[in-house]
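Summary of structural features
Here are the chains, one letter per residue:
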Amino acid sequence: MHNKIKCIYNTPALLGESPLWHPEEQMLYWVDIEKPALHRLDPRTQQHRMWPMPTEIGCIALCAQGGLVAAMRYGFARIALPAGEVTMITSPVTEADGVMFNDGKCDRAGRFWAGTKDRLEQADIGSLYRLDAQGHCTEMAKGFTVTNGVAWSPDNTVFYVCNSPARIIYQYDFSITSGTLSHKRIFAHLPEDSGYPDGITVDSEGGVWNAHWDGWRVTRYLPNGKIDDVITMPVQRPTSCCFGGTELTTLYITSASTRMSAEELKQNPLAGCVFAVDVGVKGIVETALAHPTTR
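Reference entry: report on the structure contained in this document. No experiment lies behind these values; they were computed from the predicted model shown. (Residues numbered from 1 in each chain as written. Predicted model: local features only at pLDDT ≥ 70, side-chain atom pairs only at ≥ 80, totals over all residues. Heavy atoms only, no water.)

Quick look at the sheet that holds strand 13 (residues 137–144)
Which entries qualify depends on this criterion: Two strands are said to pair when DSSP picks up at least two bridges between them. Each helix corresponds to a stretch of at least 4 residues labelled H or I by DSSP, and each strand to a stretch of at least 2 residues labelled E; elements are numbered beginning at the N terminus. Think of each axis as a best-fit line through the C-alpha atoms, taken over the contacting stretch in the case of a helix, with angles from 0 to 180 degrees between the N-to-C directions.
If you walk across this open sheet you meet the four strands as 10-11-12-13, and the pairing is antiparallel. This sheet does not close on itself; its edge strands, each paired only once, are strand 10 (99–106) and strand 13. Taking each pair of neighbouring strands and ignoring which way they run, the sheet shows an average axis angle of 25°. Two elements, strand 10 and strand 11 (residues 112–118), share six bridges in a ladder whose sense is antiparallel. From the neighbouring strand, Val99 faces strand 11, where its bridge partner is Asp118.

And the structure:
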């Protein structure tokens, strides 16, 4: 069903995450959480640039006023481009809380959502936070061990989020007007032999694409939770995915090489690289964090 999966960037990340397509630049951005850096690649020319980051960087999104918004170790920050200068906005958690920020995205009203995870990945002490254009941060949900895979349905009525160690993708009812969540329920529960749910993106048909950490695959779920398609990956730990390319039909997939044994690395020498595959369905352009004067 798929064209061949291509490795488009073959310098391994420790923990590649949060792929983000910039529609104006036609560039792919992503982060390495553990060797903290922001990366950018022009898929047409293979020109690559990297900006070292001052702390772990869990996820990124576009900013309407330029540059990026990011979830750093303990809070939200703006990243000015092309300088790469990081300016903190707010830090809702501290080292004493035992958590750090992980995955996130902007909703289509221009609010940035990101979740925390237990740094030991054992206790359900992670929460989901919402940052608005004015820099106000609100805790929206709690009880996650590792928050992952934030995404919304095309009609903005359903919110998806993973609790990775529990192998569960949850969905909530979502209000785009108020930016609130309700009616939490299980969307998908991954069997033990298919790894852990990591990053998510949603296509224009409502299909939910989920990267399976330790599962060697990316799965497309229909809006009713049934598995529609599986991309077998050449790496054990695909971490997240996003749509990009001129037609938004290319699925870009990040991966990880962290905490792998020599034997595991031998089995998947491309661990930590970035991949692309044409999946024949269009994605949705990611929304930017709204400009403060527009909300």
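Description of the side chain of Asn210
Going by this rule: Two N or O atoms form a polar contact when they lie within 3.5 Å of each other; inside protein one atom must be a possible hydrogen donor and the other a possible acceptor, and for residues adjacent in sequence the pair counts only when both atoms belong to side chains. The contact criterion used throughout is that any non-hydrogen atoms of two residues lie within 4.5 Å.
Of note, Asn210 is situated in strand 19 (residues 208–213). Engagement of the side chain of Asn210 in a polar contact is seen with the backbone oxygen of Asp198, the distance being 3.0 Å. In this structure the side chain of Asn210 is engaged in a polar contact, spanning 3.1 Å, whose partner is the backbone oxygen of Gly199. Discounting chain neighbours no more than four positions away, the residues touching Asn210 are Cys162, Ile169, Leu190, Pro197, Asp198, Gly199, Ile200, Arg217, Val218, Thr219 and Tyr221.

Some thoughts on the pattern of salt bridges
Note the following rule: Every case where a carboxyl oxygen of Asp or Glu lies within 4 Å of a side-chain nitrogen of Lys or Arg is listed as a salt bridge. When a residue's accessible area, from a 1.4 Å probe over protein chains only, is under 20% of the maximum for its type it is buried; when over 50% it is exposed; and in between it is partly exposed.
Under the criterion given, the structure shown has 11 salt bridges. Put simply, Glu139 and Lys142 hold a salt bridge, and the shortest N to O gap is 3.6 Å. A residue is classified by how much of its surface remains accessible, and Lys142, at 58% relative accessible area, is exposed. Residue Asp228 pairs with Arg220 through a salt bridge whose shortest N-O separation is 2.8 Å. Classification of Asp228 by relative accessible area gives partly exposed; the value is 37%.

Considering the nonpolar core
Quick reminder of the rule: Put simply, a nonpolar core is a bunch of buried Ala, Val, Leu, Ile, Met, Phe, Trp, Tyr and Cys residues held in one set by side-chain atoms that sit within 4.5 Å of each other.
Counting 20 residues, the largest nonpolar core has Tyr29, Leu38, Met53, Ile57, Ile60, Leu68 and Ile79 as the members making the most contacts within it. Contributions of two or more residues to this core are made by strand 3 (27–32), strand 6 (57–62), strand 7 (68–72) and strand 8 (76–80). If near-sequence neighbours (up to four positions away) are discounted, Leu38 is found in contact with Tyr29, Trp30, Val31, Arg49, Met50, Trp51, Met53, Ile60, Leu68, Ile79 and Leu81. If you look at the next biggest cluster of nonpolar residues, it comprises 16 residues, including Ala61, Tyr74, Ala114 and Leu289.

Points about the layout of surface pockets
Applied cut-off: Two kinds of site are reported from a 1 Å grid over the protein atoms alone, namely cavities, where a 1.4 Å probe fits but cannot get out, and pockets, open sets with protein on both sides within 12 Å along at least five of seven lines, and residues are called lining when an atom falls within 4 Å of a point. Grid points are joined across faces, edges and corners, and a volume is the space filled by probe spheres set on the points. Basically, the charged four are Asp, Glu, Lys and Arg, the nonpolar ten are Ala, Val, Leu, Ile, Met, Phe, Trp, Tyr, Cys and Pro, and anything else, Gly included, counts as polar.
Volume-wise, the largest pocket comes out at about 370 Å³. What lines the largest pocket is a set of 20 residues, and nearest its centre among them are Lys117, Glu121, Val146, Trp213 and Arg259. Looking at the lining of the largest pocket, the elements with two or more residues in it are strand 10 and strand 18 (196–202). Looking at which element gives the most residues to the lining of the largest pocket, the answer is strand 18, with three residues. Residue composition of the lining of the largest pocket, grouped by class: eight nonpolar, three polar and nine charged.

Things to note about the packing of aromatic side chains
To keep things clear, this is the line we draw: Centre distance within 6.5 Å is the pairing criterion for rings of Phe, Tyr and Trp, where only the six-membered ring of Trp is used; planes under 30 degrees apart are then read as stacked, over 60 as edge-to-face, and the remainder as tilted. Two conditions define a charge sitting above a ring: the NZ of Lys or the CZ of Arg must be within 6 Å of the ring centre, and it must be within 35 degrees of the ring normal.
Applying the stated criterion across every chain yields a total of 16 aromatic pairs. Relative to Trp152, the ring of Trp113 lies with its centre 6.0 Å away and its plane at 70°, an arrangement referred to as edge-to-face. Taken together, the positions of Trp113 in strand 11 and Trp152 in strand 14 (residues 147–152) put the pair 39 residues apart, joining distant regions of the chain. The ring of Tyr196 carries Arg167 above its face, with NZ or CZ at 4.1 Å from the centroid.

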